[in-house]
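Next come the chains, spelled out residue by residue.
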Amino acid sequence: MSKLTLNTTPVDARPAPKRSIGAIAWLRANLFQGPINSVLSLLAIWALIAGLTPLIQWAIIDADWIGTSREACSSGGACWVFISARFEQFIYGFYPSELRWRVNLTFVLFAVMIAWLALPRLPAKKLAAVLTLVIFPIVAFYLLHGGSFGMPAVPTHRWGGLMLTLVLAVVGIVAALPIGVVLALGRQSKMPIVKSISVVFIEFWRGVPLITVLFMASVMLPLFVPTEVDMDKLVRALIGITLFQSAYMAEVVRGGLQAIPKGQEEAAAALGMGYWKRMGLIVLPQALKMMIPGIVNTFIALFKDTSLVLIIGLFDLLAIVQAALADADWLGYSIEGYVFVAFVFWIFCFGMSRYSQYLERKLHTGH
Amino acid sequence: MTSQTAKADDTPMIEMRGLNKWYGDFHVLRDIDLTVQRGERIVICGPSGSGKSTLIRCINHLEEHQQGEIVVGGIPMTQDVKRIEQIRHHVGMVFQHFNLFPHLSVLENCSLAPIWVQKKPRREAEALAMQYLERVRIAEQAHKFPGQLSGGQQQRVAIARSLCMHPEVMLFDEPTSALDPEMIKEVLDVMVELAEEGMTMLCVTHEMGFAKTVADRVIFMDQGQIIEENAPEPFFNDPQSERTKLFLSQILGH
């Protein structure tokens, strides 16, 4: 009646069985697995073909690419000549053409700094961060605005196009994140005054639409500041966008802070770390890592929201394309204009999205 | 170190007098008086909810008490943040769930506080960290992240992390309760070695074997009170109070 089971022969590890590969096997397993799946797959394929064919026909096959005026557009497809003829204006706005090298130089410097920060192979990240956050904004301001070092000044009302969109977005992103972190910490503070200031600030800015904020910044702010302080319209828009987005950022960061187990802060406290060290070394690095999708989501929203500045008379990419549509020489090409704007916005937003996914994978430490 | 050992003999490591604490209306610690001499090893046991974790968490002010006084290494506990941090420099703590910092490597976990709190040069702090990681026999994992280690390994890293601050007293809050059975011994072995080297220790634990081999005193708590306090031999063989007898029969009787 013994119930003993004994197995002393070791079983060697064997490789896992091969999964069936090959196009036919893949199709059968994924698209045509049973009658309902097959019908749905065929329907989806038909819809894709029916939808994409005319689009490709219009945007690529029938499109006109070369020329300088609307006479070049005769084949009935998209008229990309409109975009190429106005391309410089879409990028630089009304920036004087002989000074556009300054914008180009700023773009190139910015791209180099971002690459230096973003690519893990490149060394001296701390130096790069200091250069990007402290030196670059000063250099960029003097390059874009001019007015010293023998460079003629270009007032901000001549800025426009993609350049203005990028200035708004980059300044907004760089300023909103730290302000948002401070607000999120303030909202969790045990000090009642700090806490209530943070709560009121966040709830106020989250409660009003960005359009109202921009209107107030451009119309109402001058009523409150003395007339001799002539605040630039662009600066006012920047302050409005930054404060607005920092409130959203604060709520994203707060979500991340709450997701960090209390034991983390306790362990740091038990090691004798003060509040700022606990936050800066232990809680925030983990919270921000967890919050990458939410933070990038806010960045993307901010990037797209910059197009709202057109209502206060700043000509960002969307506004300047719209202005070009009103040109009598190019009437009727609004679809091309909007498709171009959408494409440019999509490139930047998709880039941010992909980089955030890469960061998430890279920072994953197996917990 | 000599100045520390000079004063070591006269002042007790920890003194608690008339300690009371409430969570809302719940009276969690009731009139606690406890003095721990330097070099003493104390095991605190008791049913869950008896306030034993809360008691040791008051010693480094992770919990705030409402009445009574605590003096740690001659420093009276106050509300002052600087004072609290000063006390925490002398008190190491090991948690039930390890609480390692998951975004830092094992080595960084151990060298972080020496670098940022004690302002040691990085090289010196890392050498120190490696020395303690070797002592808990885990130096070869120094460059891994906590998430890649087993529970027993993580808890040994947590002990090393605390030791890197050169604490005068170590608090253990159920250090083996979250471990799989086969990993408990590797952690207890490290704790026994630490006790043999003369570290002052307060351990909240249900490892009665550990209590028998290491403890100078065993304290039994129930409903926020210290019920019985004795040397391990009489504590286990001749418990005085009914509640202690019941508790011991429940944890040893299977």
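Whatever comes next refers back to the structure up there.
The structure displayed is predicted, hence computed values, not measured ones.

Draft legend 1. Region of the structure containing the pairing of strand β1 (residues 14-23) of chain B. All names here are of chain B. When β1 meets strand β2 (residues 26-36), the two strands line up antiparallel, connected through 7 bridges. The residue bridging Ile14 from the neighbouring strand is Val36, located in β2. Hairpin connection of β1 to β2: 2 residues between the antiparallel strands, including Gly24 at a positive phi of 65°. Bridge analysis of β1 against strand β4 (residues 67-72) gives 5 bridges, and the strand direction is antiparallel. Among the inter-strand pairings, Arg17 is bridged to a residue of β4, identified as Glu69.

Draft legend 2. The arrangement of the interface of chain A and chain B in detail. In this assembly, 21 residues from chain A lie in contact with 25 residues from chain B. Both faces considered, chain A and chain B share a buried interface measuring about 1900 Å² in area, 65% of it formed by carbon and sulfur atoms. For the pair chain A and chain B, the interface holds 1 salt bridge. Measuring nitrogen to oxygen at the nearest pair gives 2.7 Å for the salt bridge that ties Glu266 of chain A to Arg57 of chain B.

Draft legend 3. How the structure looks around the packing of helix α3 (residues 81-92) of chain A against helix α14 (residues 334-363) of chain A. Residues and elements named next belong to chain A. The interhelical angle for the contact between α3 and α14, taken along N-to-C directions, is 50°, at an axis separation of 11 Å. Considering their axes alone, α3 and α14 lie oblique with respect to each other. Pair α3 / α14 crosses with right-handed handedness. Here α3 contributes Phe82, Ile83, Phe87 and Phe90 to the contact with α14, which in turn contributes Glu336, Gly337 and Phe340. In terms of residue class, the contact of α3 with α14 is built from 5 nonpolar, 1 polar and 1 charged.

Draft legend 4. Molecular detail of the pattern of salt bridges. Residues and elements named next belong to chain A. Applying the stated criterion across every chain, the model contains 27 salt bridges over all chains. In this structure, the salt-bridge partner of Arg187 is Glu251, at a minimum N-O distance of 2.9 Å. With Arg187 in helix α6 (residues 161-187) and Glu251 in helix α9 (residues 233-259), the pair connects residues that are 64 residues apart, well separated along the chain. According to the relative accessible area criterion, Arg187 is buried, its value standing at 15%.

Draft legend 5. Fine view of the nonpolar core. Of all hydrophobic cores here, the largest spans 76 residues; its most connected members are Phe82, Phe90, Tyr95, Trp159, Leu257, Val309 and Leu317 of chain A. Sorting elements by how many residues they give to this core places α6 of chain A first, with 12 residues. Ignoring anything within four residues of it in the chain, the contact list for Trp159 of chain A reads Tyr92, Tyr95, Leu144, His145, Val154, Leu164, Val167, Leu234 and Phe315 of chain A. By size, the runner-up hydrophobic cluster in this structure holds 48 residues, among which are Val43, Met191, Met199 and Leu248 of chain B.

Cut-offs used in this document
Residues numbered from 1 in each chain as written. Chains lettered and ligands numbered in written order. Predicted model: local features only at pLDDT ≥ 70, side-chain atom pairs only at ≥ 80, totals over all residues. Heavy atoms only, no water. Pairing = 2+ DSSP bridges. Helix = DSSP H or I, 4+ residues; strand = E, 2+ residues; numbered from the N terminus. Contact = heavy atoms within 4.5 Å. Buried area = accessible area lost by both parts, 1.4 Å probe. Salt bridge = Lys/Arg side-chain N within 4 Å of Asp/Glu carboxyl O. Axes fitted to C-alpha atoms, helices over the stretch in contact; angles between N-to-C directions. Parallel < 35°, antiparallel > 145°, perpendicular 65-115°, else oblique. Left-handed = near helix turned anticlockwise from the far one by under 90°. Nonpolar A, V, L, I, M, F, W, Y, C, P; charged D, E, K, R; others polar. Buried < 20%, exposed > 50% of the residue type's maximum accessible area, 1.4 Å probe, protein only. Core = buried A, V, L, I, M, F, W, Y, C linked by side-chain atoms within 4.5 Å.

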